[in-house]
Number of protein chains: 2
Amino acid sequence: MVQSGKTSREIGASRRIYLSLRDQITSGVYAAGDRLPSSRALADELGVSRTTVTAAYDQLISEGYIQVRQGAKPTVTADGRPSYARSVPPTREITPQLSAYASRAMALPKHISADQAMLQYDFRYGDVASSDFPKLAWRRALNAAVLAHRERLGYEHPAGNLALRQTLQGYLWRARGIECDVAQIVIVSGSQQALDLCARVLVDDGGRVVLEEPCYAMARNVMLATGADPIAIPCDKDGMDTSRLPDPKGVALAFVTPSHQFPLGGVLPSGRRKALIEWAVAGNTYIIEDDYDGEYRYDVRPIPPLWMTGQDRVIYVGTVSKTLSPTLRLGYMVLPDTLVEPFVRCKQITDRHSASFEQEGLASMIETGAYESHVRKMRRLNAERRAIFLKAMADAFGDEVEIVGTSAGLHVVVWFNRIAASDEERFADCARQEGIGIYPISRLFAAPTDQRAGFIFGYASMPVTLIGKGVDHLASAYRSRLRLD
Amino acid sequence: MVQSGKTSREIGASRRIYLSLRDQITSGVYAAGDRLPSSRALADELGVSRTTVTAAYDQLISEGYIQVRQGAKPTVTADGRPSYARSVPPTREITPQLSAYASRAMALPKHISADQAMLQYDFRYGDVASSDFPKLAWRRALNAAVLAHRERLGYEHPAGNLALRQTLQGYLWRARGIECDVAQIVIVSGSQQALDLCARVLVDDGGRVVLEEPCYAMARNVMLATGADPIAIPCDKDGMDTSRLPDPKGVALAFVTPSHQFPLGGVLPSGRRKALIEWAVAGNTYIIEDDYDGEYRYDVRPIPPLWMTGQDRVIYVGTVSKTLSPTLRLGYMVLPDTLVEPFVRCKQITDRHSASFEQEGLASMIETGAYESHVRKMRRLNAERRAIFLKAMADAFGDEVEIVGTSAGLHVVVWFNRIAASDEERFADCARQEGIGIYPISRLFAAPTDQRAGFIFGYASMPVTLIGKGVDHLASAYRSRLRLD
């Protein structure tokens, strides 16, 4: 029975009758087994139409407060009388039975969250400048996606929008030399989801995984929450020291950042690349190549990804977080053939697929060339930020600091020769009080070894005009701290 | 060193030198230990600047092909010579070592995917009509989000955008009578992610979970992939038969659709609601209340959610998939206090947070009232679709079918009295060949019991003008099939 012909006034009257009767039942005015007036009698009494009362009764029936037997008056059900007040003690006093996964997640160090106070000079890595975002181009691409003609709106393929995967295939070839089938590309909600899916598909509780030391914290967190047993392989100025890899047998996967080790900035040389691939082949082990900032290499040309050498062993992960914005939550994976189906299935169980309009918007930006022209612009802008930052640091600190990882990416690591590693957090707090955000590197080590304090400085979100000032302020804080010591 | 001052011509020359030398190294023209010319000598020879050669050499060094010792000529490294061709056999011949999770996911029946052929009359449940989507309002809301002033673009709080959570708090109160704190609301990428997070946070491999019988397939899939031991509780016309619940001790959670059982359409009466909550309290068990189509109730008013009765035990899950579009991937959870932190942490590990612009767009639509006015319009439109569908079915099939679940939602279940349950898939195939999509209900049962064939008919994506025609075509297919039997 369609009720769409009812006026809002009739609905209001039904609602009032329903609420009034419900209250009378729950408060005990009507007890279990009591009879309510017939719908005709109540309609006459209230001066409303019979359908108005019937609608209220139907609602009470559907919620189980009353029941009607053929031809009889409605009676209050025996099990009725729910109370909508909190009827159980607040769970604050109850310990929830969490899964092993959630218990491990709760034990992780709390990750820097977005709700921290705004700082005047924030060298937080991972953020990008709002002014760099191509608002008009993105709006145009998104509008086209929203207004595009469609037969129907339904769940998309879990691997992602086909147009996006096709344009990405070309982009990956042009930008990174990757030759792959469209079927090997899976769109994800940011590279974080790619890492999480890798853990789901390849790692069991207790499984062994190789991580870099130091390591991207959110990659380690994924593995620790999964219950993996992490093996930290030290990194030097050339990235992971592959001579220290364990026996690959029984190792589920290795997580590496070969283009620009995070955070130290080393570029994995060809010998180590070869060793890593051979190691993975020997162990039937997979390698996650997180190419998180592969677009930002300022000299000559980007290095061919590890994927090129060992595509049957390597899961390539890319993202638009550093070229467009981390808030978009768009990333992509290039998978070995045999892993495509397991990843697609797990992606579908996880969240069906990533947001369609944003996928189509990115496809359209790549298609029109707007994306690559934006990437070039960003490379220039960030090269400028980097140059200003390095010059300001050299002027302010001279040889009191050592700066590493300067050839690529959107951050560097600065070692302070005269601050002890144990003072890292204190110095970061002290800088924070001056409105400067710097981020201790020890947090990224399973077991820190350096005697000096080190900090990650991201510059991609800093207005060019503030970088020098931020460094100068930091230098003042540094000098007064040294005087105090 | 900043290279931004280099001209593209110089970069081109560097690139050519780099490629040429790289080829000579990998092809063996230069062997390990061989010396390359000094940068000055090579620059003279090629008639380019020395920095052009240096840039090419730097690239070769960073990739590990050559090394330079102080003052000496560059030499080819011992471990150089990578080959960028596929150097290992394709993994097609290798069986990947999948996790237990992925192995279970692979064993699930393949879920209907989006890449099926387009049908003329598709009663697929879950889709919505593209023409119903409020393109202009959504575009306006999204544009405002993209153009809004921001200091920087960084990761948001994993629980979601604060403005959205605040407007949702009001919406949930107005539309569903839910009174909760903003802190209890977590934004997710569609209700699928909510179900997946529930499994992550609360269910271990081997954990017991209560499911409805029949059950929403993607909810069961989440639990099966997690390794849970599902307990199927039969549903009748009033939803789950709570008298058949098992001992709650050791049961991690129960998944229910109390407003409109999926797919049978029953509304859980108050007595069963009370029993379910008491059961959960007794076992320290959580209940997922999937309110997937709570906005679509055509008589009187929506039923208060289960959450109202037992908010300390109930995880409320809502979505905009049925009011706006399933392609947006936006949903929300209202959590018991003690579960907020575990869910927020697991959400962060999973994908950091859901896409920001879409969250802000929804916030703005709710804020301006555009969302609720759209929901009202959709309720009218779908009531009309439902009425047309039911009338067409009555005209075409009379008492040869039984239709259930008509009081709410965007679908009904139709039992065909003269088709055997064992013929369901065959009849669906036969309809499909006539361009009609109908979806067998047996797929949603752990163990089907009905003797008759049943199908889910979704009507929300059908143009009003096609519904009657679709039913007529189905009736022809049905008659000719009966003749054949």
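Given the structure is predicted, the values throughout are model-derived calculations rather than measurements.

Q: Where do I start with helix 10 (residues 340–351) of chain A in this structure?
A: Every α-helical turn comprises 3.6 residues, leaving residues that sit three or four positions apart pointing alike. A rise of 1.5 Å per residue sets the reference length of helix 10 of chain A, with its 12 residues, at 16 Å; its end C-alpha atoms lie 17 Å apart and thus fit the reference within 8%. The element helix 10 of chain A is extensively covered by neighbouring structure, given that 11 of its 12 residues are classed as buried.

Q: Looking at this structure, I do not really get the sheet that holds strand 11 (residues 286–290) of chain A. What am I missing?
A: To summarise the sheet geometry, strands pair through backbone hydrogen bonds and adopt either a parallel or an antiparallel arrangement. Residues and elements named next belong to chain A. Spatial ordering of the open sheet is given by 6-13-12-11-10-7-8-9, a layout of eight strands whose pairing is mixed. Of all strands in the sheet, those bounded by a partner on one side alone are strand 6 (185–188) and strand 9 (239–240). Bridging between strand 6 and strand 13 (residues 331–334) involves four bridges; their strand directions are antiparallel. Looking at strand 13, one finds that Val186 is bridged to Met333. Set on the sheet, helix 7 (residues 190–202) makes contact with strand 6, strand 10 (251–256), strand 11, strand 12 (314–319) and strand 13; between it and strand 12 the angle comes to about 155 degrees.

Q: Would you take a moment to explain the side chain of Gln192 of chain B for this structure?
A: Within the secondary structure layout, Gln192 of chain B lies in helix 7 (residues 190–202). What makes Gln192 of chain B buried here is its relative accessible area of 2%. Once residues lying within four places of it in the same chain are set aside, the contact partners of Gln192 of chain B are Gln348, Ile349, Thr350, Asp351 and Arg352 of chain A together with Tyr216, Met218, Val222 and Arg329 of chain B.

Q: What should I look at first to understand the environment of Glu156 of chain A in this one?
A: In this fold, Glu156 of chain A is placed in the loop between strand 5 (152–153) and helix 6 (162–176). For the pair formed by Glu156 of chain A and Ser356 of chain A, sequence separation is 200 residues and the distance between their alpha carbons is 7.7 Å.

Q: Would you mind showing me how to read the pattern of salt bridges here?
A: When the charged atoms of two side chains lie near each other, side chains of opposite charge can form a pair. Applying the stated rule across the entire model yields 44 salt bridges over all chains. Arg176 of chain A is paired through a salt bridge with Asp291 of chain A; the nearest N and O atoms lie 2.8 Å apart. With Arg176 of chain A in helix 6 and Asp291 of chain A in the loop between strand 11 and strand 12, the pair connects residues that are 115 residues apart, well separated along the chain. Here the two residues Arg176 of chain A and Asp291 of chain A agree in accessibility, since each one is buried. For Arg452 of chain A, the salt bridge is made with Glu402 of chain A, and the minimal N-O distance between the two is 3.0 Å. A residue pair is termed long-range when its members are at least 10 positions apart, and Arg452 of chain A in strand 18 (residues 452–458) and Glu402 of chain A in strand 14 (residues 401–404) qualify at 50 residues. Beyond isolated ion pairs, a larger network of salt bridges with shared partners links Asp122, Arg124 and Asp127 of chain A together with Arg152 of chain B.

Q: What am I meant to see in the sheet that holds strand 8 (residues 229–236) of chain B here?
A: Residues and elements named next belong to chain B. Pairing is mixed in the open sheet, where eight strands are placed in the order 6-13-12-11-10-7-8-9. One side of each edge strand has no neighbouring strand; the edge strands of this open sheet are strand 6 (185–188) and strand 9 (239–240). The strands touched by helix 7 within the sheet are strand 6, strand 10 (251–256), strand 11 (286–290), strand 12 (314–319) and strand 13 (331–334), with strand 12 carrying the most contacts at an inclination of about 155 degrees.

Q: How should the packing of helix 4 (residues 100–107) of chain A against helix 10 (residues 340–351) of chain B be read in this particular structure?
A: Each pair of packed helices gets described by two things: the angle between the helix axes and the distance between those axes. Helix 10 of chain B packs onto helix 4 of chain A with a crossing angle of 85 degrees between their chain directions and a minimal axis gap of 9 Å. One finds that helix 4 of chain A runs roughly perpendicular with respect to helix 10 of chain B. Here Tyr101, Ala102, Ala105, Met106 and Ala107 of chain A of helix 4 of chain A come into contact with helix 10 of chain B, specifically with Glu341, Pro342, Arg345, Cys346 and Ile349 of chain B. Its residues assigned to classes, the contact of helix 4 of chain A with helix 10 of chain B shows eight nonpolar, no polar and two charged.

Q: I'm lost on the confidence of the model for chain A in this one. Help?
A: Taken over all residues, the pLDDT of chain A has a mean of 88, while the share at 70 or more is 91%. Predicted complex, confidence summary: ipTM 0.83, pTM 0.83.

Q: Help me understand the pairing of strand 11 of chain B, please; the structure alone is not making it clear to me.
A: Every other side chain in a regular strand lies on the same face of the sheet, so the side chains alternate between the two faces. Residue and element names in this part refer to chain B. Burial runs high along strand 11: five of the five residues are buried. Inspection of the sheet shows strand 10 paired to strand 11 by four bridges, in the parallel sense. Across the sheet, residue Ala254 finds its bridge partner in strand 11, namely Ile287. Each parallel crossover has a hand, and for strand 10 linked through helix 9 (residues 270–283) to strand 11 it is right-handed. Alignment of strand 11 against strand 12, held across four bridges, turns out to be parallel. Bridged to Ile287 within strand 12 is Val314.

Conventions we followed
Residues numbered from 1 in each chain as written. Chains lettered and ligands numbered in written order. Predicted model: local features only at pLDDT ≥ 70, side-chain atom pairs only at ≥ 80, totals over all residues. Heavy atoms only, no water. Helix = DSSP H or I, 4+ residues; strand = E, 2+ residues; numbered from the N terminus. Expected span 1.5 Å × (residues − 1). Buried < 20%, exposed > 50% of the residue type's maximum accessible area, 1.4 Å probe, protein only. Pairing = 2+ DSSP bridges. Contact = heavy atoms within 4.5 Å. Axes fitted to C-alpha atoms, helices over the stretch in contact; angles between N-to-C directions. Salt bridge = Lys/Arg side-chain N within 4 Å of Asp/Glu carboxyl O. Parallel < 35°, antiparallel > 145°, perpendicular 65-115°, else oblique. Nonpolar A, V, L, I, M, F, W, Y, C, P; charged D, E, K, R; others polar. pLDDT = per-residue confidence, 0-100. Right-handed = clockwise from strand over helix to strand, strands pointing away.

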